[in-house]
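# Survey of secondary and tertiary structure
Residue-level listing of the chains:
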Amino acid sequence: MSPHHAHRVHRVPPPLSRRRLLGLAASTAAALPLTHLATGATRAHAADQDGRGVSLTPFDGATEALGEVGASWYYTWASTTGDTARPEGVEFVPMIWGADSVNDADLENARREGEVLLGFNEPDLAEQADMTVESALDLWPRLQATELRLGAPAVAGGGDQEGGWLDRFLSGAADRGYRVDFVPLHWYGADFGPDAVEHLRGYLQAVHDRYQLPLWLTEYALIDFSGGSPRYPGEQEQVDFVRGAGEMLAQLPFVERHAWFTLSTGTSPTGLHDGQGANATGEAYREAG
């Protein structure tokens, strides 16, 4: 396998057993004065469409599946849509996954295929982008030079924590005069009961209170990673969460968009589509918009 293709393999999520559960406790630290990270023009931008999207690993029928689950936008953990044809009226959002993706080809792909750019994927995890804050900051001007609307690196967890990876990155970006237009976040809930929606809301509120920047929730689902292998909710528990979370997210004006993890059950049991059509979770996701 060539280095290029090996790199593309690492753009997709690792096996779920290697992922880390997000912390749900809200920080009590005061908000940092970081609102100047985004320009007035980009901060005034709000999603001009339904903010409901989905992540996807390409599979046969993915184009049709996007429509069947009601997604208005999607991303592939890469700078291009790859083998998935973009459906009419559905937006593709490119990502610069990690340090090796900061190259002329990927940056040009992003400029060509999108209007918004997602930053590095879980740089705080060794099995993901695995970047120091300093290395991410050193590379950031290359992403900024695309002139696309730019999302911060999406940390796996602790986005509300003083001194955490995201906290140090945004502080460093402010010190260097860099632009960050919004903050993508990931969240996985281990509580499959009715309190799960409030756990998610509390995390989003804590991050927004700290940085005062718009948020995109680019990965979320109910998965418990605390044991030796991931534990998943029952179908009705997942459907109830999708409905409750959709209603909650629509009421948070600072959350511009959200993307369920993930489109296909071939990637994760939490998927919205089973290859034949939208499953019960996918139908609930479509109806929740």
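Keep in mind that what you see is a predicted model, and the values were worked out from it rather than measured.

Cut-offs used in this document
- Each chain has its residues counted from 1, running along the sequence as written.
- The model is predicted, so local features are restricted to residues of pLDDT at least 70 and side-chain atom pairs to those at 80 or more, both for listing and for counting; the totals for chains, interfaces and linings are taken over all residues.
- Note: side-chain values were computed over all heavy atoms of the structure, leaving out hydrogens and water.
- When the centres of two rings from Phe, Tyr and Trp lie within 6.5 Å, Trp using its six-membered ring, the rings pair. Their planes under 30 degrees apart give stacked, over 60 give edge-to-face, and anything left gives tilted.
- Using a 1.4 Å probe on the protein chains alone, a residue whose accessible area is under 20% of its type maximum counts as buried, one over 50% counts as exposed, and one in between counts as partly exposed.
- Secondary structure elements are defined from DSSP: runs of H or I of at least 4 residues count as helices, runs of E of at least 2 residues count as strands, and each element is numbered from the N terminus.
- Whenever Lys or Arg places a side-chain nitrogen within 4 Å of a carboxyl oxygen from Asp or Glu, that contact is recorded as a salt bridge.
- Buried Ala, Val, Leu, Ile, Met, Phe, Trp, Tyr and Cys residues that are joined via side-chain atoms within 4.5 Å together make up what is termed a nonpolar core.
- Given the number of residues in a helix, its expected span is that number minus one, multiplied by 1.5 Å.
- By definition, residues are in contact when any of their heavy atoms lie within 4.5 Å.
- The definition of a polar contact used here is a pair of N or O atoms within 3.5 Å, where within protein one atom must be able to donate a hydrogen and the other to accept one, and adjacent residues in sequence count solely through side-chain atom pairs.

## Concerning the packing of aromatic side chains
Across all of its chains, the model carries 16 aromatic pairs by this definition. Ring centres of Y75 and W77 lie 5.3 Å apart, and the angle between their planes is 70 degrees; this geometry places the pair in the edge-to-face category. A single burial state applies to Y75 and to W77, both of which are buried. Relative to F261, the ring of W77 has its centre 6.2 Å away and its plane inclined at 75 degrees; by these criteria the two rings are edge-to-face. Taken together, the residues span a long stretch of sequence, with W77 in the loop between β2 (73-75) and β3 (91-92) and F261 in the loop between β8 (255-260) and α9 (280-287) at a distance of 184 residues.

## Notes on the pattern of salt bridges
Taken as a whole, this structure holds 10 salt bridges when the rule is applied. A salt bridge links E108 to R111, with the nearest nitrogen and oxygen atoms 3.1 Å apart. Here E108 pairs with R111, and both are found in helix α4 (residues 104-113), just 3 residues apart, close to one helical turn. With relative accessibility at 36%, the residue E108 sits in the partly exposed group. Among the salt bridges present, the one from E113 reaches R112, with a minimum N-O distance of 3.9 Å. R112 sits in the exposed class, given a relative accessible area of 52%.

## Brief notes about the nonpolar core
Counting residues in each nonpolar core, the largest one holds 81 residues, and the members touching the most others are L143, F169, L185, L200, L204, Y220 and F241. In terms of residues, this core owes the most to one element, helix α7 (residues 196-211), which gives 7 residues.

## Let's talk about unusual backbone geometry
In this chain, F261 is followed by T262 through a cis amide linkage whose omega measures 10 degrees. Backbone geometry at W77 places phi at a positive 65 degrees, although glycine is not the residue there. Phi is positive for E122, which is not a glycine, with a value near 45 degrees. Topologically, E122 is positioned in the loop between β4 (116-118) and α5 (133-144).

## Concerning helix α8 (residues 235-250)
Between the first and last C-alpha of α8 there are 23 Å, a value that for 16 residues agrees with the 22 Å anticipated at 1.5 Å per step. Taken together, the buried positions of α8 are Q238, V239, F241, V242, A245, G246, M248 and L249. The inward-facing, buried residues of α8 contact β6 (183-189), α7, β7 (215-222), β8 and α9.

## Here we look at the side chain of T76
Note that T76 resides in the loop between β2 and β3. A polar contact is formed between the side chain of T76 and the backbone oxygen of T80, at a distance of 2.9 Å. Non-local contacts of T76, meaning those with residues more than four positions away in its chain, are made with L56, T81 and F92.

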